[in-house]
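The residues making up each chain are set out below.
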Amino acid sequence: MSGGDEVVAAPVGPPQPLDWKFSQVFGERTAGEEVQEVDIISAIEFDKTGDHLATGDRGGRVVLFERTDTKDPGLSRRDLERMDYPISRHPEFRYKTEFQSHEPEFDYLKSLEIEEKINKIRWCQTANGALFLLSTNDKTIKFWKVQEKKVKKISDMNLDPSKTVGNGCIASSSNSSCPKPCLANGGSSDRSCNYFGNDFSFPPGGLPSLRLPVVVTSQETSLVARCRRVYAHAHDYHINSISNNSDGETFISADDLRINLWNLEISNQSFNIVDVKPANMEDLTEVITSAEFHPTHCNMLAYSSSKGSIRLIDLRRSALCDSHSKLFEEPEAPGSRSFFTEIIASISDIKFAKDGRYILSRDYMTIKLWDINMDSGPFATFQVHEYLRPKLCDLYENDSIFDKFECCLSGDGLRVATGSYSNLFRVFGCAPGSTEATTLEASKNPIRRQVQTPSRPSRSLSSITRVVRRGAETPGVDANGNSLDFTTKLLHLAWHPAENSIACAAANSLYMYYA
């Protein structure tokens, strides 16, 4: 090689922390407004394209939103290619429709009330312009089809008198078997050829005065949600997860002790593939908390347990997957065991990364990223609210320690996010060398909580993130000295599959942010 021609590539460092901005809010509360229990959002899910967003609430309703900023701006493709600047857009959504998915029920055999609350929503493959999704409450899963249909209107109108004889006379047809002449009102002069019976009589003005309702299809369209199938009576315990298979034909549903495999087309039969129920319930030591299909391999799925472990199973090995292919758990540090150890180790949610290489899990104190090729321990651990550890006794007393927070990954796999108390949520960078750990609030001013301390005016964002990661905060306050409100908790959030956009639920309000 000739000297001077060699180009040395600059080392690629971790991506820069994202600058999050407020985008939209739906159902914003006014100051002092009381939130109705039925309006609190209990599930959020983007579809695979990111063009649709669904939320479910405790009142059993499913609300759909559609993206509006992807519409063609009116320029041709050539004009867009000639532009020397990128079109900077952030996802904008609008309300599309809503429908009542579940109603409250009562199980008379067990004397048990079944809430209408939506536990999970999962989008299915679209077909012929229609949207399909699964929604579930504690016991029943429903398969919904949402489609635009043209509105049909009924209009009353008179028949044209000039066409009465031609169209109203049955006998004038060449195919008629009765060649008798017809009168102007459509009747026959021959009593023997009476098509309507003796009890039928025409109005005084004859057929032209008879007003007939005519259905007219207008150009207006309305969205109609129709329940295609109901998958019921397959779970003795509360359903905590549903997950679509990549084959587009099957899905799983999981409760505390069993995981069932369903075919979308068959609602009266399911196959039990995982059963952890012991012969004697007194021997029960752990329950299933979440389950998810692998995004690309239709034969693989993972489920988590209340003991903090994740099991990867292969459906090709046996019909009943009592044995796992891989077990992921973090070894317990010696001398660290306490009364709360098992409670806070319970995994509340797991998610596969888009490529299926990593699994993200959320327990009460942390989120962990696992490499499915490395079962010795988590690939990375992020402290969500380590400053709560001294207050675990109080959190146990008010049942907050049993709150189930969800987690999500970005489409590129470089960041993870999860919720916390005081309507806060955290975004962590998981690329090698990244120190990104941003704390945001579900409000119109998401970064107002991140006020730098006057004693350290030169602290950079990376310094703030390290504090959040290491959990060196004062008990009862967040990373910036604000007191925590355990009654306002951000349990549900979702990351857009293709862009840096997050939708999160704070009580009955849906907040959206972009970076």
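Residues numbered from 1 in each chain as written. Predicted model: local features only at pLDDT ≥ 70, side-chain atom pairs only at ≥ 80, totals over all residues. Heavy atoms only, no water.

Here's the deal with unusual backbone geometry
Formally: Here a helix means four or more residues in a row that DSSP labels H or I, a strand means two or more in a row labelled E, and each is numbered from the N terminus. When a residue's accessible area, from a 1.4 Å probe over protein chains only, is under 20% of the maximum for its type it is buried; when over 50% it is exposed; and in between it is partly exposed.
If you check the backbone angles, His 233 has positive phi at about 60° while not being a glycine. For His 233, the position within the fold is in the loop between β11 (211-231) and β12 (241-244). Residue classification places His 233 among the exposed positions, given a relative accessible area of 83%. A positive phi angle, near 60°, is found at Ser 422, a position not held by glycine.

Observations regarding the sheet that holds strand β23 (residues 380-383)
Short version of the rule: At least two DSSP bridges between two strands are required for those strands to pair. Each axis is a line fitted through C-alpha atoms, and for a helix only the stretch in contact is used; angles between axes span 0 to 180 degrees, taken between their N-to-C directions.
Spatial ordering of the open sheet is given by β20-β21-β22-β23, a layout of 4 strands whose pairing is antiparallel. Only two strands of the sheet have a single partner each, and these edge strands are β20 (349-352) and β23. When strand polarity is set aside, the average angle formed by the axes of neighbouring strands in this sheet is 15°. By the bridge criterion, 4 bridges tie β20 to strand β21 (residues 358-362) in an arrangement that is antiparallel. Counted as the bridge partner of Lys 351 is Leu 360 from β21.

Examining the confidence of the model for the chain
It should be kept in mind that the predicted coordinates are not to be read in detail where pLDDT is low. Put simply, the rule is: The pLDDT value tells you how sure the predictor is about a given residue, anywhere from 0 up to 100. By definition, residues are in contact when any of their heavy atoms lie within 4.5 Å.
In this model, the chain carries an average pLDDT of 82, and 76% of its residues clear a pLDDT of 70 or more. Averaged pLDDT values over the elements of the chain bottom out at 32 in helix α5 (residues 461-470) and peak at 98 in strand β8 (residues 120-123). In the predicted structure, residues 164-178 sits below a pLDDT of 50 and forms 20 contacts with residues beyond four places in sequence or in another chain. The low-confidence segment residues 450-475, where pLDDT is below 50, has 41 contacts with residues more than four positions distant or belonging to other chains.

Let's talk about the packing of aromatic side chains
As a reminder of what qualifies: Stacked, tilted and edge-to-face are the three classes assigned to paired rings of Phe, Tyr and Trp, where Trp is represented by its six-membered ring and a pair needs centres within 6.5 Å; plane angles under 30 degrees give stacked, over 60 edge-to-face, the rest tilted.
Tallying each qualifying case throughout the model produces 24 aromatic pairs. When the centroid spacing of 5.6 Å and the interplanar angle of 80° are considered together, the rings of Trp 20 and Trp 495 count as edge-to-face. Of this pair, Trp 20 sits in the segment before β1 (21-26) while Trp 495 sits in strand β28 (residues 493-495), and the two are 475 residues apart along the sequence. Side by side, Trp 20 and Trp 495 carry an identical accessibility label, which is buried.

Focus: the pattern of salt bridges
Heads up, the rule is: Here, a salt bridge means any Lys or Arg side-chain nitrogen found within 4 Å of an Asp or Glu carboxyl oxygen.
Counted by the stated rule, this structure contains 27 salt bridges. Between Glu 342 and Arg 337 there is a salt bridge whose closest N-O contact spans 3.1 Å. Glu 342 sits in the partly exposed class, given a relative accessible area of 38%. Close ionic contact of Lys 368 with Asp 363 constitutes a salt bridge, the shortest N to O distance being 2.7 Å. Residue Lys 368 shares its accessibility class with Asp 363, and that shared class is buried. Each member of the salt-bridge network shares a partner with another, and the members are Lys 110, Asp 236, Arg 258 and Asp 275.

What to know about the sheet that holds strand β30 (residues 509-514)
As summarised here, the arrangement of the 4 strands in space is β1-β30-β29-β28, forming an open sheet in which the pairing is antiparallel. This sheet does not close on itself; its edge strands, each paired only once, are β1 and β28. Taken pair by pair, the neighbouring strands of this sheet meet at an average axis angle of 20°, ignoring direction. In this sheet, β30 lies alongside β1 in antiparallel orientation, the contact comprising 5 bridges. Residue pairing in the sheet places Val 25 in a bridge with Tyr 511 of β30.

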